[in-house]
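Residue-level structure breakdown
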Amino acid sequence: MTLTEYIQRQFDAQHRLWDASLEGLTDETFNWRPNEERSLSAAFSAWHYTRTEDNIINFVLQRKPTVWIEKGYDAKFGLDAKAQGTGMPLADAQAQQIVPLADWKAYNQDVWAKTREFIGTLDDEALQAKTLVKPLGEMTVLDAISNMCVSHGFRHLGEVEYIRGLLGLGSAAGI
């Protein structure tokens, strides 16, 4: 197995879990958050992560428009064209709503497809090329994908799993 094949397997596994994590949710439960001072909704965690993957894969690594902007999802959801939640004031993050969930699922599928397409173009040499990820600095393409997408995505997926548990929906992983 090549490194690129391994990365694609990680994305495939994560994307399947993201898709499963949305099953059983409604517009209301997707946007619900626990009554805790610093809590966020599953919608915010999902938005933050998928926007990050979209930005890293499309804008940072390929210098192409994000799916978010290209397909008008920013306007569809009435959200900022460039924001992805990093550094957002807590009150703004807590107030954010994403409806309808069906449109969110479509955005995910569009991002997943673009990621799969891009990963398929990479080889070990391309993974070692340097790229600039603001504000973090220069890193290899492999590190940008591994740190900003794969591990980051699984972390935020855990937040959604927690919300699912609080809602009595159980784990998306079937555990």
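Residues numbered from 1 in each chain as written. Predicted model: local features only at pLDDT ≥ 70, side-chain atom pairs only at ≥ 80, totals over all residues. Heavy atoms only, no water.

Let's shift gears to the overall build of the chain. Assigned secondary structure in the chain consists of 9 helices and 2 strands. Element order for the chain, N to C, with α for helix and β for strand: α-α-α-α-α-α-α-α-β-β-α. Computed over C-alpha atoms, the radius of gyration of the chain comes to 16 Å, within 12% of the 16 Å expected from 2.2 N^0.38 for 175 residues, which places it in the range of a compact globule. Projected onto its principal axes, the C-alpha coordinates of the chain cover approximately 45 × 35 × 30 Å. Across the chain, contacts joining residues at least 24 apart in sequence account for 71% of those joining residues at least 6 apart. When the accessible area of the chain is evaluated, it comes to approximately 8,900 Å², of which 53% is carbon and sulfur surface. (Helix = DSSP H or I, 4+ residues; strand = E, 2+ residues; numbered from the N terminus. Rg over C-alpha atoms; globule rule 2.2 N^0.38 Å. Contact = heavy atoms within 4.5 Å. Areas by Shrake-Rupley, 256 points an atom, 1.4 Å probe, with all protein chains shown as cover.)

What follows covers the pairing of strand E1 (residues 130-133). The alternating pattern of E1 places Thr131 and Val133 on a buried face, while none of Lys130 and Leu132, on the opposite face, is buried. Across 4 bridges, E1 lies against strand E2 (residues 137-140) in antiparallel orientation. For Thr131, the partnering residue across the bridge sits in E2 and is Met139. Remark: 3 residues form the turn of the hairpin made by E1 and E2, two consecutive strands paired antiparallel. (Buried < 20%, exposed > 50% of the residue type's maximum accessible area, 1.4 Å probe, protein only. Pairing = 2+ DSSP bridges.)

We now examine the packing of helix H1 (residues 3-22) against helix H7 (residues 101-119). Relative placement of two packed helices is described by the angle separating their axes and the distance separating the axes. Packing of H1 against H7 brings their axes to within 11 Å, and their N-to-C directions diverge by 175°. By the angle between their axes, H1 is roughly antiparallel relative to H7. Between H1 and H7, the contacting residues are Thr4, Ile7, Gln8, Phe11, Asp12, His15, Trp18, Asp19 and Leu22 on the first element and Leu101, Trp104, Lys105, Asn108, Gln109, Trp112, Thr115, Arg116 and Ile119 on the second. Its residues placed into classes, the contact of H1 with H7 shows 8 nonpolar, 6 polar and 4 charged. (Axes fitted to C-alpha atoms, helices over the stretch in contact; angles between N-to-C directions. Parallel < 35°, antiparallel > 145°, perpendicular 65-115°, else oblique. Nonpolar A, V, L, I, M, F, W, Y, C, P; charged D, E, K, R; others polar.)

This part takes up a nonpolar patch on the surface. There is a patch of nonpolar side chains on the surface, built from Met1, Leu3 and Tyr6 and spanning about 310 Å² of accessible area. Along the chain, Leu3 falls in helix H1. (Patch = residues over 30% accessible without salt bridge, like charges linked within 9 Å, V, L, I, M, F, W, Y side chains within 5 Å. Salt bridge = Lys/Arg side-chain N within 4 Å of Asp/Glu carboxyl O.)

Let's shift gears to the environment of Met148. Residue position: Met148 is located in helix H9 (residues 141-166). On the accessibility criterion, Met148 (17% relative accessible area) is buried. Sequence separation between Met148 and His48 is 100 residues, and the spatial gap between their C-alpha atoms is 11 Å. Apart from residues no more than four positions distant in its own chain, Met148 is found in contact with Tyr49, Thr52, Ile56, Val133, Leu136 and Asp143.

This part takes up unusual backbone geometry. With an omega of 0°, the peptide bond between Val99 and Pro100 qualifies as cis. Along the chain, Pro100 turns up in the loop between helix H6 (90-95) and H7.

Function-wise, these values are silent; they only describe arrangement.
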